[in-house]
Amino acid sequence: DKGNHRHFMQKEIYEQPVVVAQTLRAYLRRMENEVAMPDMDFDLGAVKRITIVACGTSFYAGMVAKYWFEKFARVPVDIDVASEFRYRDPVLEKGGLALFISQSGETADTLAALRHARAADQIIAVVVNVPTSSMAREADLLLPTHAGPEIGVASTKAFTCQLAVLAALAANLARAKGLLTPEEEAEIVWHLSEGPAAMNEALGHDGDIEAMAHLIAPARDVLYLGRGPDYPMALEGALKLKEISYIHAEGYAAGEMKHGPIALIDEAVPVIVIAPSGPLFEKTVSNMQEVQARGGKVVLISDAEGIALAGEGCMATIEMPKVHPLIAPLVYAVPVQLLAYHVAVAKGTDVDQPRNLAKSVTVE
Ligand code: M6R
């Protein structure tokens, strides 16, 4: 049931503050200011290397998580799309943690990669939304997302719930490694708990995003730029736009622009820049200015501070609440999803059932 929404995708975008809060409840003990994980029959603190494997949007959640695992827990992370992982003969030391991320828990490539990792004596952790799925059944450590059924082919709420689980896992791992003081842990719990309200605030800008969709709808190509954890968000933005509006879009690490893609820039190629104010802001903005100097039309997604500093000269800006960097990916997912959604609606595509795509890819 779509309720009073026009599409399942829209409904699922709007459900995010509620389902992310629901998911966080399973992984945070608010009263104790602690992160919490289901019981494990292995020592998380002894994990020396993590291998993350997933496809599509779930893969981008994994890319964000790599930043967190390395930053907070100082554990090296390998990450690969499932269809590559299996065929590159990865070096997997016994006892490593292999982490599979999937909404459906049935994606054929990811499931085959899981079995490959099992055969290589990895500890198998899965982040899945369907608790009865094949991946859930084959896991040593099952980390469910509590997004509820996701109907739209374009993944939205499953993605932000994956991010919530992965942030909590990163904090748990850091604690298990002795790298988190109780004060730091309390701070992480506090920041994560702020996520749903900030996502709600982001949804409040839906009208602005809808109003600017006509600037993107006529484009043949669109670029998305971001740095650090916003780089996977750029990839996710481009994937969302491609799959439901059929506009060719690519996400790039902002600093890579000058190594090739900047040659594409002209006034017909809108560039979406994802840049919350913070430590990486200035660098991303300087890449954005390189684009503008070549006549590129920029849509800047940032907070009031970022927009005040760099919004001038942009074709449009989308204002997000000012949030802690840890929850920025959860919050910035919202405008990226809404933009793709409104562009697709403006183009009149079948938003919930885009051509050539299936909700669950059960062929290899
Ligand atoms: O069910 P999964 O999370 O394993 O699915 C992975 C991808 O097929 C999926 O994320 C796909 O990329 C979505 N259509 C993206 O919106």
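Before any of the text, the structure's been laid out above.
It should be emphasised that the depicted structure is a prediction, and the values quoted were computed from it without experimental measurement.

A. Up close: the overall build of the chain. When helices and strands are counted, the chain shows 13 helices and 12 strands. In terms of C-alpha radius of gyration, the chain reaches 20 Å, essentially the compact-globule figure of 21 Å for 364 residues. Overall size of the chain, expressed as C-alpha extent along the three principal axes, is 55 × 45 × 45 Å. Here the chain holds 364 residues, and 59% of them are scored as buried. Residue pairs at least 24 apart in sequence account for 75% of intrachain contacts in the chain once pairs closer than 6 positions are excluded. In the structure as shown, the chain presents an accessible area of about 14,900 Å², 51% of it carried by carbon and sulfur atoms. Taking the average place of the 32 positive charges on the side chains of the chain and the average place of its 46 negative ones, the gap between the two points comes to 3 Å.

B. Quick peek at the packing of aromatic side chains. A full pass over the atoms with the stated rule returns one aromatic pair. Here the basic side chain of R355 rests over the ring of Y246, its NZ or CZ set 3.8 Å away from the ring centre.

C. Seen up close, the sheet that holds strand β10 (residues 271-274). With parallel pairing, the five strands of this open sheet are ordered in space as β9-β8-β10-β11-β12. With one partner strand each, in any of the chains shown, β9 (248-253) and β12 (316-320) form the two edges of the open sheet. Sheet twist, expressed as the mean angle between neighbouring strand axes with direction ignored, is 20°. Bridging between β10 and strand β11 (residues 298-303) involves four bridges; their strand directions are parallel. Its bridge partner lying in β11, I274 is registered against I301. Against the sheet, helix α11 (residues 281-293) engages β8 (221-226), β10 and β11, with an angle of about 165° to β11.

D. Region of interest: the nonpolar core. In this structure, I50, F69, L99 and Y224 are the most contacted members of the largest nonpolar core, which totals 98 residues. Those residues in contact with Y224, other than ones at most four positions away along the chain, are A234, G237, A238, L241, A249, E250, G251, Y252, I272, I274 and L339. Counting residues in hydrophobic clusters, the runner-up holds 19 residues, among them V273, A275, F281 and V291.

E. Spotlight on the side chain of H205. Structurally, the position occupied by H205 is in the loop between α8 (182-203) and α9 (206-216). Not counting the four nearest positions on each side in its chain, H205 is found in contact with E319 and M320.

F. Representation of the pattern of salt bridges within the structure. Enumeration over the complete set of coordinates arrives at 17 salt bridges. Among the ionic pairs, E138 bridges to R115, the shortest N-O distance being 2.6 Å. Taken together, the residues span a long stretch of sequence, with E138 in the loop between α6 (134-137) and β7 (141-144) and R115 in helix α5 (residues 108-119) at a distance of 23 residues. Residue R115 is classed as partly exposed on the basis of its relative accessible area of 44%. The shortest N-O distance in the salt bridge between D221 and R220 comes to 3.5 Å.

G. Looking closely at the sheet that holds strand β3 (residues 50-54). In spatial order, the strands read β4-β3-β5-β6-β7; together these five strands make up an open sheet with parallel pairing. Unpaired on one side and paired on the other, β4 (77-81) and β7 mark the two borders of the sheet. Neighbouring strand axes in the sheet, compared pairwise and without regard to direction, differ in orientation by 20° on average. Bridging between β3 and strand β5 (residues 97-102) involves five bridges; their strand directions are parallel.

H. Fine view of the site of the ligand. Surrounding the ligand, one finds 14 residues, the nearest of these being S58, S102, Q103, T107 and E243. One of the side-chain N or O atoms of K240 is found 3.0 Å from an oxygen atom in the ligand. Burial of the ligand by the surrounding chains reaches 91%, relative to a free accessible area of 410 Å². For the shell around the ligand, the secondary structure elements donating two or more residues are α3 (56-73) and α10 (230-245). Of the residues contributing to the shell around the ligand, the split by class is four nonpolar, eight polar and two charged.

I. The arrangement of the packing of helix α7 (residues 157-176) against helix α13 (residues 328-347) in detail. Orientation of α7 relative to α13, taken along the N-to-C sense of each, is 170°, at an axis distance of 10 Å. The pairing of α7 with α13 is recorded here as roughly antiparallel in orientation. Taking contact as the criterion, the partners of F159, T160, L163 and A164 in α7 are, on α13, P329, L330, A333 and Q337.

J. Local environment of the pairing of β9. In this sheet, β9 lies alongside β8 in parallel orientation, the contact comprising six bridges. Opposite G226, over in β9, you have A253 as the bridge partner. One crossover worth recording links β8 to the parallel β9 by way of α10, and it is right-handed.

K. Molecular detail of helix α2 (residues 16-27). Taking 1.5 Å of rise per residue, the 12 residues of α2 would be expected to cover 16 Å, and the 16 Å separating its terminal C-alpha atoms lies within 8% of that figure. Every buried residue belonging to α2 is among Q16, P17, V19, V20, T23, L24 and Y27, and all of these are buried.

So, how was this worked out
- Residues numbered from 1 in each chain as written.
- Predicted model: local features only at pLDDT ≥ 70, side-chain atom pairs only at ≥ 80, totals over all residues.
- Heavy atoms only, no water.
- Helix = DSSP H or I, 4+ residues; strand = E, 2+ residues; numbered from the N terminus.
- Rg over C-alpha atoms; globule rule 2.2 N^0.38 Å.
- Buried < 20%, exposed > 50% of the residue type's maximum accessible area, 1.4 Å probe, protein only.
- Contact = heavy atoms within 4.5 Å.
- Areas by Shrake-Rupley, 256 points an atom, 1.4 Å probe, with all protein chains shown as cover.
- Lys, Arg positive; Asp, Glu negative; His and termini not counted.
- Charge placed at Lys NZ, Arg CZ, Asp CG, Glu CD.
- Phe/Tyr/Trp six-rings, centres within 6.5 Å; stacked < 30°, edge-to-face > 60°.
- Lys NZ or Arg CZ within 6 Å of the ring centre and 35° of its normal.
- Pairing = 2+ DSSP bridges.
- Axes fitted to C-alpha atoms, helices over the stretch in contact; angles between N-to-C directions.
- Core = buried A, V, L, I, M, F, W, Y, C linked by side-chain atoms within 4.5 Å.
- Salt bridge = Lys/Arg side-chain N within 4 Å of Asp/Glu carboxyl O.
- Near = heavy atom within 4 Å.
- Polar contact = N/O pair within 3.5 Å; in protein donor to acceptor, adjacent residues only side chain to side chain.
- Nonpolar A, V, L, I, M, F, W, Y, C, P; charged D, E, K, R; others polar.
- Parallel < 35°, antiparallel > 145°, perpendicular 65-115°, else oblique.
- Right-handed = clockwise from strand over helix to strand, strands pointing away.
- Expected span 1.5 Å × (residues − 1).

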